[in-house]
Amino acid sequence: MNTLPQALQQLIAAFGRLPGIGRKTATRLAFHILNESAQDSEELAKAILRVKNDIKLCSRCLNFSEQDICPICSDSRRNQRLICVVEDSQTILLIEKTNEFKGLYHVLGGVISPLDGIGPEELHIKELLNRLEGVEEVILALSPSTEGEATSIYLSRLIKPQGIKITRLARGIPLGSSLEFVDELTLSKALQSRSEM
Ligand code: ZN
């Protein structure tokens, strides 16, 4: 029989649903919250709600942002003729860390994956096509999976006829879902030695 108060059980269950958190860690976190000051817990709860309430998608690049146009898109020092297409916002974070890329981004929101019911319409492809005026190069920084490859080829076929150069990172760079396995130096080199499709 579970003798823990129901509120505590609920918190443990909620932590347990987070990625990489097992039952043991979830329990430890819940007890930590129980023992900390009411003020600390309130700050944590507020921070969680703020992320959910205040963050939307940038209307240009679809990156998470608190403004309608994100700080990257509104930075006039960045090269507006260069767009790097990524699967998610976390990849932007990683590429920004390399200090290698000074263009703009476009977040697709995933890759084409028929088995998961994700077709081109489910991704932000239309939004990408709508912002290509004046763009000289599109870099495809998608994961090296079969789905990522297929998405790169699909995008290349759509964009290339418009006279825009399409490049991609050196093969084998684990982006997207396997993002955490790539280091800044490797990514930096992959950006420098990108190849034309
Ligand atoms: Zn933006």
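One structure accompanies this document, and this report is about it. (Residues numbered from 1 in each chain as written. Predicted model: local features only at pLDDT ≥ 70, side-chain atom pairs only at ≥ 80, totals over all residues. Heavy atoms only, no water.)

**Describing the packing of helix 4 (residues 89-98) against helix 7 (residues 184-192)**
Across the interface, helix 4 lies against helix 7 with an axial gap of 9 Å and an inter-helix angle of 85°. The pairing of helix 4 with helix 7 is recorded here as roughly perpendicular in orientation. Contacts from Leu-94, Ile-95, Lys-97 and Thr-98 of helix 4 reach helix 7 at Glu-184, Leu-187, Ser-188 and Leu-191. Taken together, the residues of the contact of helix 4 with helix 7 break down into four nonpolar, two polar and two charged. (Axes fitted to C-alpha atoms, helices over the stretch in contact; angles between N-to-C directions. Helix = DSSP H or I, 4+ residues; strand = E, 2+ residues; numbered from the N terminus. Parallel < 35°, antiparallel > 145°, perpendicular 65-115°, else oblique. Contact = heavy atoms within 4.5 Å. Nonpolar A, V, L, I, M, F, W, Y, C, P; charged D, E, K, R; others polar.)

**Some thoughts on the pairing of strand 6 (residues 165-168)**
Direction of pairing for strand 5 (residues 137-140) relative to strand 6: parallel, over a ladder of four bridges. When the bridges of strand 6 are listed, Glu-137 appears paired with Lys-165. In terms of handedness, the path from strand 5 via helix 6 (residues 146-159) over to strand 6 forms a crossover that is right-handed. One ladder, built from two bridges, connects strand 6 with strand 7 (residues 195-196); its direction is antiparallel. Bridge pairing in strand 7 places Arg-168 opposite Ser-195. (Pairing = 2+ DSSP bridges. Right-handed = clockwise from strand over helix to strand, strands pointing away.)

**Focus on the coordination of the zinc ion**
Ligation of the zinc ion by protein atoms is provided by Cys-58 (SG), Cys-61 (SG), Cys-70 (SG) and Cys-73 (SG), these donors lying 2.3 Å from the ion. Seen from the zinc ion, its four donor atoms lie at angles of 106 to 115°, and the figure they make is tetrahedral. Written as a sequence motif, the donor residues of the zinc ion are C-x2-C-x8-C-x2-C. For the pair Cys-61 and Cys-70, one class covers both residues: buried. (Donors = N, O, S within 2.8 Å, 3.2 Å for Na, K, Ca; no water. Tetrahedral: all angles 85-135°; square planar, octahedral: opposite > 155°, others 65-115°. Buried < 20%, exposed > 50% of the residue type's maximum accessible area, 1.4 Å probe, protein only.)

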